[in-house]
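Residue-level structural notes
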Amino acid sequence: MASKDNEKAKKVAEFIENFKKQTEVLVTDVFPQKVLDIEDIYQKMIAEKLSDVHADINIPVPEPFYPEGGEPATKKRKVGANGSDSASAAVPTGTPVLVFPGGQVRTNSYIHKWAEDVKPLIMDLMEHANMVKMWISFLIPKIEDGNNFGVSIQEDTMAEARQVETESATYLDQLSRYYISRAKIITKIAKYPHVEDYRQTIRELDEKQIVCLRLMLCEMRNQYASLHDIIHKNMDKIKKPRSGNSENLY
């Protein structure tokens, strides 16, 4: 039994050492490349016109419907000899109910394409922030009295990584909420096809979403750069928090 426990402990220790090496390479090599890659995508996105985001809504506006033999309400009613209205000019009763006569109402392909490009970057950021958080936790020494300045630097950096992880999760939530909001407005357009404000709401929502995607890229680029910068400047204290080094946290 003891030999099995020793074998498990050895495997865990090997995992931790490999994890620390992988994460250090991640911070020193991968993070700078991520900054450049995201910046490239960001520049491509902002170079495109905001008007390109508009997509056709495949729900036509139906023609006004009047009862058989009726006339539009704009025509004057005939007044009889006794002063009563003639029944020959009926008031229009609305339009026929439509069941998506043009077929499927598709998502905005322009936004969907950009969202699919951004989503893997969000997932990477979440994973990388989590790795940094765990990497630093493995480097934290046992609790002792005094000489804890380096440990405070580790804790501050962990807090930064934890904040990045939390914010990146909200990006995914924003993506899903956009599709839900757009679907609700589409159903309103199908129910009230004559109301132009609903159609304008879709255009405004699509423009807002592409701006949000741009902001996500900008924030992710900055988060990678910030994590790389703070870790690079304080690498000695993060790896050896109780060395003789007394440099301050940048």
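Residues numbered from 1 in each chain as written. Predicted model: local features only at pLDDT ≥ 70, side-chain atom pairs only at ≥ 80, totals over all residues. Heavy atoms only, no water.

1. Quick notes on the pattern of salt bridges
By the definition in use, this model includes 12 salt bridges. A salt bridge links Arg221 to Glu39; the shortest N-O distance between them is 2.5 Å. Of the two residues, Arg221 is situated in helix α4 (residues 196–233) and Glu39 in helix α1 (residues 2–47); the sequence distance between them amounts to 182 residues. By relative accessible area, which is 19% here, Arg221 ends up buried. Put simply, Glu196 and Arg203 hold a salt bridge, and the shortest N to O gap is 2.7 Å. Residue Glu196 is classed as partly exposed on the basis of its relative accessible area, which comes to 46%. A relative accessible area of 27% means that Arg203 is categorised as partly exposed. (Salt bridge = Lys/Arg side-chain N within 4 Å of Asp/Glu carboxyl O. Helix = DSSP H or I, 4+ residues; strand = E, 2+ residues; numbered from the N terminus. Buried < 20%, exposed > 50% of the residue type's maximum accessible area, 1.4 Å probe, protein only.)

2. What about the packing of α1 against helix α2 (residues 109–139)?
Axes are the key here: two packed helices are described by the angle between their axes and the distance separating the axes. At a closest axis distance of 10 Å, the pairing of α1 and α2 adopts a crossing angle of 150°. Overall, the two elements α1 and α2 adopt an arrangement that is roughly antiparallel. The interaxial crossing formed by α1 with α2 has left-handed handedness. Classifying every residue of the contact of α1 with α2 gives 18 nonpolar, two polar and five charged. (Axes fitted to C-alpha atoms, helices over the stretch in contact; angles between N-to-C directions. Parallel < 35°, antiparallel > 145°, perpendicular 65-115°, else oblique. Left-handed = near helix turned anticlockwise from the far one by under 90°. Nonpolar A, V, L, I, M, F, W, Y, C, P; charged D, E, K, R; others polar.)

3. A closer look at the confidence of the model for the protein chain
Residues with a pLDDT of 70 or more make up 78% of the protein chain, whose mean pLDDT is 84. Counting interchain partners and residues more than four positions distant, the pLDDT-below-50 stretch residues 75–80 has 10 contacts. In this model, residues 245–250 is a region of pLDDT below 50 whose contacts with residues beyond four sequence positions or in other chains number 14 contacts. (pLDDT = per-residue confidence, 0-100. Contact = heavy atoms within 4.5 Å.)

4. As for the environment of Val53
As for its position among the elements, Val53 is in the loop between α1 and α2. Looking at Val53, the relative accessible area reads 1%, which means it is buried. Contact partners of Val53, with chain neighbours within four places excluded, come to Asn108, Tyr110, Ile111, Asp206, Glu207 and Ile210.

5. Looking at the nonpolar core
Among the nonpolar cores identified, the biggest contains 50 residues, and Val118, Trp135, Leu213, Leu217, Met220 and Ile231 are the most heavily contacted of them. Where this core is concerned, the elements lending two or more residues are α1, α2, α3 (149–191), α4 and α5 (235–239). For Leu213, the residues in contact, after removing those within four places along its chain, are Met45, Ile111, Trp114, Ala115, Val118 and Leu175. (Core = buried A, V, L, I, M, F, W, Y, C linked by side-chain atoms within 4.5 Å.)

6. Observations regarding the packing of α2 against α4
Across the interface, α2 lies against α4 with an axial gap of 10 Å and an inter-helix angle of 25°. One element, α2, and the other, α4, form an angle in the roughly parallel class. In the packing of α2 onto α4, the handedness of the crossing is left-handed. Contact residues: Tyr110, Ile111, Trp114, Ala115, Val118, Leu121, Ile122, Asp124, Leu125, His128, Val132 and Trp135 in α2; Asp206, Gln209, Ile210, Leu213, Met216, Leu217, Met220, Gln223, Tyr224 and Ile231 in α4. Residues belonging to the contact of α2 with α4 are distributed by class as follows: 17 nonpolar, three polar and two charged.

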